[in-house]
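# Architecture at a glance
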Amino acid sequence: MKSILILIAVVTSYSNGLFAQEEVDTIWTRQLNQIHDAKITPDGHKVVVSTDEGIYILDAESGEQLHFYEKDGGMGGIKLSSDGKYIYSNDLFRRGVDDYLDITEFNHKGQFLPRDFIIDEQSSRIIYATCNQWDEANRIRMFDLETLSPLPSVYSDYCLQQIRISPDGNYIAISGSENKVDYTDYLLLLLDSEFNLIKEVYRDSSISVSDMEFTSDSESLFFTAGDFYTFNINDEEPVKRTEGRGYSSFEINDTDEYFVAFYNSKISVLNPEDLMEIKKVEFPTSSIWDIDKDNNFVSGASYNLRYMNIDLLLSVEPNINSKFNFRLYQNHTSIDLSDQSGLWNITLIDILGNVYYNQIHRGGENIGVPYSEIQSPYLLLILDNNGERSVIKIFRGE
């Protein structure tokens, strides 16, 4: 039987084009001990989270814990196989997502990958870059994806820190610095799958690359280094720079339709075509970790994991000093508009923006809006009175 777990009415004012923190639409929140990384499984059904305690596997719809891998010393970076069956963690373990007893420990006691490593399934290898001022060689290191046996390493002149692989497996982007002693002269390199240099994409004496991602068609590389940069791999055009954003982390959705970027306690949804902000919200977070095929994304700070949705975030409009009484029941909500005047457009949507109720009612009435047949646990009820909007957020648990 369904029951109402959390009810929130948005009654704050709108100003300066920025939503207040209370208006951010979070499907669910979990408090965990020192979160390091989070990934959504390819089918969108689970969220895998690495923490100081180990790895949590959560239900994506409700946030409930499905399983926990305890690990002394905790976990850092994690990656998922493309079929969603395995978790690769930077302590050189492979764990089953559904078959929790399917755990493979590879024989490299005491050896850890850096947090930023990549899974190259086309070539069946794990690749990571190193930065050690006393190590003169072997800066790009690899393991076999199935056995995790070491593969020959590749020498680099640079101190390498971040690494990404294009979806088609043809390109590898690595960022770091040329000066390995004081970590200056920052750069970003585009390599082919055999680590041959294609292009030096970026170089700066003082500003490092904070994040980078390939688009789903493998034709472009976006990165942040104080400003936002766009590099079209197959064009002769120079790298395009968009000034003044300073995003520290970002993710691109599977259709390359939206960016979700973070900077200075604000989350922005951007259009990749012109890098213009579609919406910005105040948000207590430090990272954007992953986006799935349904535009759900995970974000958060050290102890706070949030599961959100781009479409839902874009659909929410602010309230402008509207007040009304309402009651939420198991199968419907009752809205008292007896003290209100004018015509009210009442809409009920789910997290994907599907509309279940959209009717106009006159003020002075008591309105009932049903939701007994809707499967989604998270709904938005929007009341619009000639542009004056109010939003009721409804979360229904089992």
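Residues numbered from 1 in each chain as written. Predicted model: local features only at pLDDT ≥ 70, side-chain atom pairs only at ≥ 80, totals over all residues. Heavy atoms only, no water.

Here we take up the overall build of the chain. Helix and strand counts for the chain come out as one helix and 36 strands. Residue burial in the chain is summarised as follows: out of 398 residues, 52% are buried. Once local pairs closer than 6 in sequence are excluded, the contacts in the chain between residues at least 24 apart make up 46%. (Helix = DSSP H or I, 4+ residues; strand = E, 2+ residues; numbered from the N terminus. Buried < 20%, exposed > 50% of the residue type's maximum accessible area, 1.4 Å probe, protein only. Contact = heavy atoms within 4.5 Å.)

Time to look at the pairing of strand 19 (residues 211–214). Burial along strand 19 is two-sided: Asp-211 and Glu-213 facing one way and Met-212 and Phe-214 facing the other are all buried. As paired strands, strand 19 and strand 20 (residues 220–225) are joined by four bridges and run antiparallel to one another. Note that in strand 20 the partner of Met-212 across the bridge is Phe-223. A loop of five residues connects strand 19 with strand 20, the two strands running antiparallel in sequence, and Ser-218 in this loop sits at a positive phi of about 65°. (Pairing = 2+ DSSP bridges.)

All right, on to the layout of surface pockets then. There is about 1,500 Å³ of room inside the largest pocket. Lining the largest pocket are 47 residues, with Lys-39, Lys-79, Glu-213, Glu-251 and Asp-290 sitting closest to its centre. Looking at the lining of the largest pocket, the elements with two or more residues in it are strand 3 (35–40), strand 7 (78–80), strand 11 (117–120), strand 15 (159–165), strand 19, strand 23 (249–252) and strand 27 (287–291). Taken together, the residues that form the lining of the largest pocket break down as 15 nonpolar, 16 polar and 16 charged. (1 Å grid on protein atoms, 1.4 Å probe; cavity = no way out; pocket = protein on both sides within 12 Å on 5 of 7 lines; lining within 4 Å. Points joined across faces, edges and corners; volume = space filled by probe spheres on them. Nonpolar A, V, L, I, M, F, W, Y, C, P; charged D, E, K, R; others polar.)

Judged by side-chain charge, Asp-168, Asp-217, Glu-219, Asp-235, Glu-236 and Glu-237 come together as a negatively charged surface patch. Turning to its location among the elements, Glu-237 is positioned in the loop between strand 21 (227–232) and strand 22 (240–242). (Patch = residues over 30% accessible without salt bridge, like charges linked within 9 Å, V, L, I, M, F, W, Y side chains within 5 Å. Areas by Shrake-Rupley, 256 points an atom, 1.4 Å probe, with all protein chains shown as cover. Salt bridge = Lys/Arg side-chain N within 4 Å of Asp/Glu carboxyl O. Lys, Arg positive; Asp, Glu negative; His and termini not counted. Charge placed at Lys NZ, Arg CZ, Asp CG, Glu CD.)

On the basis of which strands lie adjacent, the open sheet formed by four strands has the order 2-29-28-27 and antiparallel pairing. Sheet topology places strand 2 (26–31) and strand 27 at the edges, where each strand pairs with a single neighbour. Neighbour-to-neighbour, the strand axes of this sheet turn through a mean angle of 20°, independent of strand direction. Here strand 27 pairs with strand 28 (residues 296–301) via four bridges, running antiparallel. Each bridged residue has a counterpart across the sheet, and for Ile-288 the counterpart in strand 28 is Ser-299. (Axes fitted to C-alpha atoms, helices over the stretch in contact; angles between N-to-C directions.)

Taking strand neighbours across the sheet as the criterion, the four strands line up as 11-12-13-14 in an open arrangement whose pairing is antiparallel. The open sheet has two edge strands with one neighbour each: strand 11 and strand 14 (150–154). Averaged over all pairs of adjacent strands, the angle between strand axes in this sheet comes to 20°, irrespective of strand direction. Two strands pair when backbone bridges link them, and strand 13 (residues 140–144) and strand 14 are joined in this way by three bridges, in the antiparallel orientation. Paired with Phe-143 across the bridge in strand 14 is Pro-150.

Distances and angles like these do not, on their own, reveal function.
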